[in-house]
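# Structural characterization, general
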Amino acid sequence: MSVIYLLLSLSILVAIVFFIAFIYSVKNGQYDDSYTPSVRMLFEDELVKEQPEELTKTKH
Amino acid sequence: MKDITCFHCGNECDSKNIAIKEKFFCCNGCKTVFEIFSENDLTCYYDFQNNPGAIPEEIAGKYDFLENKAIVAKLLEFSDSNIQIVNLYIPHIHCSSCIWVLENLHKLQENISSSQVNFPKKTVRITFNAEKTTLKEIVFLLSSIGYEPYISLEDYEVGKKKVDRSLIYKLGIAGFAFGNVMFLSFPEYFEVSGFWLDQYKNVFRWLMFFFSLPVVFYSAQDYFISAYKGLKAKILNIDVPIALGVSVLFIRSSVEIIFDLGTGFFDSLTGLVFFLLLGKFFQQKTYNFLSFERDYKSYFPIAVTRVSSDKKEENIQIYDVKKGDRLLIRNQELIPVDGILINGNAQIDYSFVTGESKTIRKQSGDKLFAGGKQVAGAIELEALTSVEQSYLTQLWSNDVFKKEHKSNFKTLTNSISKNFTVTVLSIAIISLVFWLFFDASKALNVFTAILIIACPCAIALAAPFAFGNLLRILGKQKFYVKNTDVLEQLAAIDTLVFDKTGTLTSNKKNTIKYEGDSLSEPEEILLKNTLRGSNHPLSRALYNLLDKNDIITLDSYEEYVGKGIEASYQNKNIKVGSAKLVNNAIEEKELNTAVHISTDNTYKGKFTFYNSYRKGVSKLFNKLKQHYNLVILSGDNDSEKENLEKLLPAKTKLIFNQKPEDKLEYIKYHQTEGAKVVMVGDGLNDAGALAQSNVGIAIAENVNVFSPACDAILDASKLHLLEKYISIAKSGISIVKWSFALSFIYNIIGLYFAITGQLKPVIAAILMPLSSISIVVFTTIATNLISKKIK
């Protein structure tokens, strides 16, 4: 048993794992929208509390 | 004061009256949106982009049809007992602020569990709790923050769209196999004939064989199918030599490894398919947010209000409208069927149909045509036909809309492929015969080698990459072309037909001329302040023309829907509007729209609105006349004939009073005479002509909304560049021809190796990708160079 068989099967196994991941991600629609996620990842914790008393004044 | 723009929508503010803290708003609508956001801690909306918002529109009653469960069920993407998912198209989505606020909808309405924006398609997918809220409430919420969804009859029919992702799968598989096969064939490239390689080469070879199986039988299947279809129709399209090449590659390689004759060409095989699919992928990328296939369905509402005999109102689906039904059309609603006006003041805007934005007044008893939009209060009408049989919608039953009449266009690639295939086959057969006499053992080897090396990968890639890149460049210049075939057709045209209203003239800008007694300064101030209160398009246009800015508070103000406005200030009275309202005795038959003015019951004069031609029309026509026949087909009367004759070069044909079918027939007739026609139009009345023409270009003020079915959409502001766009398409053709020449050089080099019987796998593996890559590089650089001349 040569080590080449081990290496070959390992490398092909790794390749197939990535291939399955690719198919899975396409199926999930990850490639349907290639723009929005790039913007979405920049949003986080943007919710700033403003002073509520000033806002009540504007209500009628 | 002029520099103040609305914090919410960026429009110019008329006064400082509407403000919160240091922020100014153009109207109460915008202010309300700001308040909604600030109460819910969503003011970050304004941080990503300056003035991102839109003015919320009045929608009362417009979405009552969403109470009808059967209609809602058709719109929903998913519906369980309490969870519902809906995908709504929102034309206003345009920046990162939009994404942010729409994905934070759950902060505004707790029953929304999640919302996800698809920016390129301008849609938002909302998941909500159906027990606690309804689709109608969600639509109301979206409208209240300026993101009114666009729901049309089209959504009703399509239902759940299936996304076709097969090309990505095919490309992924081919790429995966290509990489692995390359890596497995590496040891044998160097032909280190030694004990090690002899021992293991069979393992490598059979692994390559198995990797190539899905590539041949799945990824490349479209080429086999297309070649088969072509042969059946007796056309030698480009897919024939490709399919031939792929099958010869696979069979010869398999035979080689089975009988231990050599390594085979699995690397070239997988690489070839991968590159071809890459070209296809590049070509297929189109504009997600644009629709080129619209018919009346995307203009028409889903439901309409029917008034039953006992005065009850109910919402019914539009296809359920029968002859004789009484329908209630509210302000800003579209008339879905031809009918007779029964009640109310009809002021109809036929701009969808004709491109003409000025409204037409109708009396009770008049006939109303489907496609018009009521713009002054509610009216009641009696349906004369069903939806499909209306005057406008009947146009779509014309044959042009049914068949793919453009599919018989022969692309450059396909016309060259016939000669190419014949040449390659004859070379292969001659060499076969030669070698059979000379050295029979090599004959079959040479024959297959020729078919392999001549596989027209580079030829097949030239057009997709050249035109695909041009498509992108033109898209940046606001000329959106449906696909690469359209660009090829555009390069071949010899006649341009233009619609007038809405295409050559602008809907937004009017030339306004005043005739009559001049107005005194207080009168002008009064007029301006009177106009400020009105939202009528003519009032807005006139308002922007006057430059008096003093603000006075009017003592009285009254707007008579469909007639005009009356206002008074310090005992001075003003009437603005139709001739009737201002008591103008001379009610002449006018060809152009006019707004009449009277103060204190004395007639002053009128503002006449003339068509205003778009920037650069005259220049464009003068440039175009050197190479093309020019025609203007207008649905209007010939009141503008003189103006047009002055504006346009003498040889332009002017034809007026054309009905939609006339336009279609005109183009059809000229096509039978051998003309290649471009139709440039905008309204639904041009839809037939756009479909019949070789290339139909729709002009749009706003590319996100209405445009009839067409091959290309051109932003109205870029009309004057049309001539340049056509010349770019022409240069595109010559780039493709040069690429063909380049790929022939590679083929000749390859053929030398093949005919002399020295084609080794490593040579094929170098030549094939090299030719493909150099074609891609050449076309990309060349197209970028020629597109520089747009600027």
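Source: prediction; values computed, not measured.

All right, on to the sheet that holds strand β12 (residues 359-362) of chain B then. All names here are of chain B. Judged by pairing direction, the sheet is antiparallel, and its three strands sit side by side in the order β12-β11-β14 without closing on themselves. A single partner strand is all that each edge strand has here, and the edge strands are β12 and β14 (373-374). Where strand β11 (residues 346-349) meets β12, four bridges bridge the pair, whose relative direction is antiparallel. The residue of β12 that forms the bridge with A346 is K362.

Right, let's get into the UniProt feature "transmembrane region" (unreviewed entry) in chain A. With numbering matched to this structure, UniProt assigns "transmembrane region" (unreviewed entry) to residues 6-26 of chain A. Taken end to end, residues 6-26 of chain A has its terminal C-alpha atoms 30 Å apart, with 100% of it in helix and 0% in strand.

Moving on: the interface of chain A and chain B. It is common to give the size of an interface as the accessible area lost on bringing the parts into contact. Taken residue by residue, the interface counts 22 residues in chain A and 24 residues in chain B. Elements that contribute at least two residues to the side of chain A that touches chain B include exactly α1 (3-27), α2 (36-40) and α3 (52-58) of chain A. The leading source of residues in the side of chain A that touches chain B is α1(A), at six residues. Class assignment of the residues belonging to the side of chain A that touches chain B gives a composition of 13 nonpolar, two polar and seven charged.

Our next topic: the packing of helix α11 (residues 266-284) of chain B against helix α25 (residues 761-786) of chain B. All names here are of chain B. Interhelical geometry of α11 versus α25 gives an angle of 10° and a closest axis separation of 9 Å. By the angle between their directions, the pair α11 and α25 is classed as roughly parallel. Contact with α11, carried on its side by D267, S268, G271, L272 and F275, involves P761, A764, A765, M768, P769 and S772 of α25 and no other residues of that element. Partitioning the contact of α11 with α25 into residue classes produces seven nonpolar, three polar and one charged.

Our focus in this paragraph is the pairing of β11(B). All names here are of chain B. Residues A346 and I348 of β11 are buried on one face, and the alternating residues Q347 and D349, pointing to the opposite face, are buried as well. Where β11 lies against β14, two bridges are found, and the strand directions are antiparallel. Bridge pairing in β14 places D349 opposite K373.

Geometry of a packed helix pair, given as the angle between the helix axes and the separation of the axes. Residues and elements named next belong to chain B. Here helix α7 (residues 166-189) crosses α11 at 150°, and the two axes come no closer than 8 Å. Classified by the interaxial angle, the pair formed by α7 and α11 is roughly antiparallel. Where α7 crosses over α11, the handedness of that crossing is left-handed. Of the residues in α11, those in contact with L167, K170, L171, A174, G175, A177, F178, V181, M182 and S185 of α7 are F266, D267, T270, G271, V273, F274, L277, L278, K280, F281 and Q284. Considering only residue class, the contact of α7 with α11 consists of 13 nonpolar, five polar and three charged.

All names here are of chain B. Turning to its location among the elements, K442 is positioned in helix α15 (residues 440-453). For the pair K442 and G757, spaced 315 residues apart in sequence, the C-alpha to C-alpha distance is 6.9 Å. Contact partners of K442, with chain neighbours within four places excluded, come to W435 and G757.

With that settled, consider unusual backbone geometry. Residues and elements named next belong to chain B. For K122, which is not glycine, the phi torsion reads 55° and is therefore positive. Take K122: it is sitting in the loop between β5 (112-118) and β6 (123-129). When the 20 C-beta atoms within 10 Å are taken as the criterion, K122 is described as buried. Of note in the backbone geometry, D260 takes a positive phi value of approximately 55° without being a glycine. Relative to the assigned elements, D260 resides in the loop between α10 (239-258) and α11. D260 sits in the exposed class, given 9 other C-beta atoms within 10 Å.

The next subject is the environment of B:F744. Inspection of the secondary structure puts B:F744 in helix α24 (residues 722-755). When the C-alpha atoms of B:F744 and B:F420 are compared, they prove to be 9.9 Å apart, with 324 residues separating the residues in sequence.

What counts, and where the lines are drawn
- Residues numbered from 1 in each chain as written.
- Chains lettered and ligands numbered in written order.
- Predicted model: local features only at pLDDT ≥ 70, side-chain atom pairs only at ≥ 80, totals over all residues.
- Pairing = 2+ DSSP bridges.
- Helix = DSSP H or I, 4+ residues; strand = E, 2+ residues; numbered from the N terminus.
- UniProt positions renumbered as here; feature names shortened; annotations may be inferred.
- Contact = placed C-beta atoms within 7 Å.
- Nonpolar A, V, L, I, M, F, W, Y, C, P; charged D, E, K, R; others polar.
- Axes fitted to C-alpha atoms, helices over the stretch in contact; angles between N-to-C directions.
- Parallel < 35°, antiparallel > 145°, perpendicular 65-115°, else oblique.
- Buried ≥ 20, exposed ≤ 12 C-beta atoms within 10 Å, placed from the backbone.
- Left-handed = near helix turned anticlockwise from the far one by under 90°.

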